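What follows is each chain in one-letter form.
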Amino acid sequence: MRVLIDANVLMPSILRAILLGAAAAGGFAPLWSARILEEWARAARRRGPAIEAEARAAIAALRAGWPAAEILPPPDLEATLALPDPGDRHVLAAAIAGGAEVLLTRNRADFPPRALARHGVLPRDPDGFLCDLLADGLDLGPVVATVAARTETRPALRPLLKRAGLPRLRKALDPG
């Protein structure tokens, strides 16, 4: 399954690490565009130069680790698309150009299912998407454990997944 990842999903480092760990475990093939990556870097810049530098380093690592993930949509495609926010058309254009079945975003209001369905793309939020991967048999426990081991504070499962905005995944992995 090919999944286009929106900038608002790439920016939180824990969420990005869990998603890319799920992709590396065979859950899906991640996609993005240069414009999506730049949108992430610009959002990071608003939080300060050090945060922007971290984002740019992470972007370089993404490009090196996932060289086939970057999509270059045809220049005329974006102009043919209709979304509530015209500034998001580039995201849908990248999804279409990459043959994505899923557009992973935390901003579902700007990606109405009807508008995406015309192009064979389903909008999904990260939490529901990861829960579906888990339900389909992908073992996300080791992925989350690896991410937790790499964080500075090494938080327990519940706080880690809460910080990543993944309450349903937290409950599925740790029902107690």
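Before reading further, recall that the structure is shown in the block above.
Not measured: the values here are computed from a predicted model.

J.: I would appreciate a short explanation of the nonpolar core in the present structure.
T.: Generally speaking, soluble globular proteins have nonpolar side chains that are buried together. Core analysis: the biggest nonpolar cluster contains 58 residues, and Leu-4, Ile-18, Phe-28, Trp-40 and Leu-130 have the highest contact counts within it. The greatest single-element share of this core, amounting to seven residues, is contributed by helix 2 (residues 13-24). Not counting residues within four places of it along the chain, the set of residues in contact with Phe-28 comprises Met-1, Val-3, Ile-5, Leu-19, Ala-22, Ala-23, Phe-129 and Leu-133.

J.: Teacher, can you tell me more about helix 5 (residues 89-97) here?
T.: Residues three or four positions apart in an α-helix share a direction because the helix packs 3.6 residues into each turn. Listed in full, the buried residues belonging to helix 5 are His-90, Val-91, Leu-92, Ala-93, Ala-94 and Ala-95. Contacts from the buried residues of helix 5 go to strand 1 (2-5), strand 2 (29-33), helix 3 (34-45), strand 3 (70-71), strand 4 (102-104) and helix 6 (113-117). Phi for Gly-99, located one or two positions after helix 5, is positive at around 70°.

J.: Looking at this model, I keep getting lost on the packing of aromatic side chains. Mind explaining?
T.: When we look at a pair of aromatic rings, we describe it by the centre distance and by the angle of the planes. Tallied over the full model, the rule gives one aromatic pair. For the pair Phe-28 and Phe-129, a centre-to-centre distance of 5.2 Å together with 80° between the ring planes defines the contact as edge-to-face. One end of the pair, Phe-28, is in the loop between helix 2 and strand 2; the other, Phe-129, is in helix 7 (residues 126-135), and 101 residues separate them in sequence. The buried category is assigned to Phe-28, whose relative accessible area is 6%.

J.: Which parts of the structure should I look at to understand the environment of Arg-42?
T.: As for its position among the elements, Arg-42 is in helix 3. Overall, Arg-42 belongs to the partly exposed group, its relative accessible area being 38%. C-alpha of Arg-42 to C-alpha of Ala-55: the two residues are 13 residues apart in sequence and 9.1 Å apart in space.

J.: Can you help me understand the packing of helix 3 against helix 5 in this one?
T.: Two packed helices can be described by the angle between their axes and the distance between those axes. Contact geometry of helix 3 with helix 5 gives a least axis separation of 9 Å together with a crossing angle of 140°. Between helix 3 and helix 5, the angle falls in the class oblique. Every residue of helix 5 that contacts helix 3 at Arg-35, Ile-36 and Glu-39 is listed here: His-90, Val-91 and Ala-94. Taken together, the residues that form the contact of helix 3 with helix 5 break down as three nonpolar, one polar and two charged.

J.: Just to check I follow, could you spell out the layout of surface pockets for this structure?
T.: Gaps left between atoms show up when a probe the size of a water molecule is rolled over them. Approximately 260 Å³ is the volume found for the second largest pocket. As for the second largest pocket, its lining consists of Met-11, Pro-12, Ser-13, Arg-16, Trp-40, Ala-44, Arg-47, Ile-51, Glu-54, Ala-55 and Ala-58. Sorting the residues of the lining of the second largest pocket by element identifies helix 2, helix 3 and helix 4 (49-65) as the ones contributing at least two each. A per-element tally of the lining of the second largest pocket places helix 4 first, with four residues. Its residues assigned to classes, the lining of the second largest pocket comprises seven nonpolar, one polar and three charged.

J.: What's the story with the sheet that holds strand 5 (residues 122-124) in this structure? I'm lost.
T.: The pairing of strands in a sheet happens through backbone hydrogen bonds and is either parallel or antiparallel. Across the sheet, five strands lie side by side as 3-2-1-4-5; this open sheet has parallel pairing. Both outer strands of the open sheet, strand 3 and strand 5, are each paired with one neighbouring strand and no more. Its contacts with the sheet put helix 3 on strand 1, strand 2 and strand 3, and the angle it makes with strand 2 is roughly 75°.

J.: Please clarify how the pattern of salt bridges should be interpreted in this entry.
T.: It is possible for side chains bearing opposite charge to pair when their charged atoms get close. Inspection of the entire model under this criterion finds ten salt bridges. Note that Arg-45 and Glu-52 form a salt bridge whose closest N and O atoms lie 3.3 Å from each other. The exposure class assigned to Arg-45 is partly exposed, which follows from its relative accessible area of 41%. Taken together, the shared-partner salt bridges in this structure form one network comprising Glu-38, Arg-45, Glu-52 and Arg-56.

J.: Before we go on, may I ask you to explain the pairing of strand 1 in this structure?
T.: Sheet faces and side chains relate simply in a regular strand, where the side chains alternate between the two faces. Inspection of the sheet shows strand 1 paired to strand 2 by three bridges, in the parallel sense. Bridge assignment links Val-3 to a residue of strand 2, and that residue is Pro-30. Here strand 1 runs beside strand 4; their pairing, made up of three bridges, is parallel. Note on strand 4: the bridge partner recorded for Leu-4 is Leu-103.

Conventions we followed
Per-chain numbering applies: the sequence of each chain, read as written, is numbered from 1 onward. For a predicted model such as this one, the threshold for reporting local features is a pLDDT of at least 70, and the threshold for listing and counting side-chain atom pairs is 80 or more; totals across whole chains, interfaces and linings nevertheless cover every residue. Hydrogens are left out, water is left out, and the side-chain values use all remaining heavy atoms of the structure. The criterion is simple. A nonpolar core is a set of buried Ala, Val, Leu, Ile, Met, Phe, Trp, Tyr and Cys residues joined through side-chain atoms within 4.5 Å. To sort residues, take the accessible area from a 1.4 Å probe on protein chains only and compare it with the maximum for the residue type: under 20% means buried, over 50% means exposed, and anything in between is partly exposed. Numbering goes from the N terminus for both helices and strands, where a helix is a DSSP run of H or I of at least four residues and a strand is a run of E of at least two. Contacts are assigned to residue pairs with any non-hydrogen atoms lying within 4.5 Å of each other. In summary, the pairing rule links any two rings of Phe, Tyr or Trp, Trp by its six-membered ring, whose centres are within 6.5 Å, and it sorts them by plane angle into stacked for under 30 degrees, edge-to-face for over 60 and tilted for everything else. Only C-alpha atoms enter the line fits that serve as axes; for helices the fit covers just the stretch in contact. Angles between N-to-C directions range over 0 to 180 degrees. Roughly parallel means an angle under 35 degrees; roughly antiparallel, over 145; roughly perpendicular, 65 to 115; everything else is oblique. Only Asp, Glu, Lys and Arg are considered charged, only Ala, Val, Leu, Ile, Met, Phe, Trp, Tyr, Cys and Pro nonpolar, and every remaining residue, Gly among them, polar. Cavities and pockets are defined on a 1 Å grid built over the protein atoms alone: a cavity is a set of grid points where a 1.4 Å probe fits but cannot escape, while a pocket is an open set with protein on both sides within 12 Å along at least five of seven lines, and lining residues are those with an atom within 4 Å of any such point. Grid points are joined across faces, edges and corners, and a volume is the space filled by probe spheres set on the points. Note on pairing: two strands pair once DSSP finds at least 2 bridges between them. Whenever a carboxyl oxygen of Asp or Glu lies within 4 Å of a side-chain nitrogen of Lys or Arg, that contact is scored as a salt bridge.

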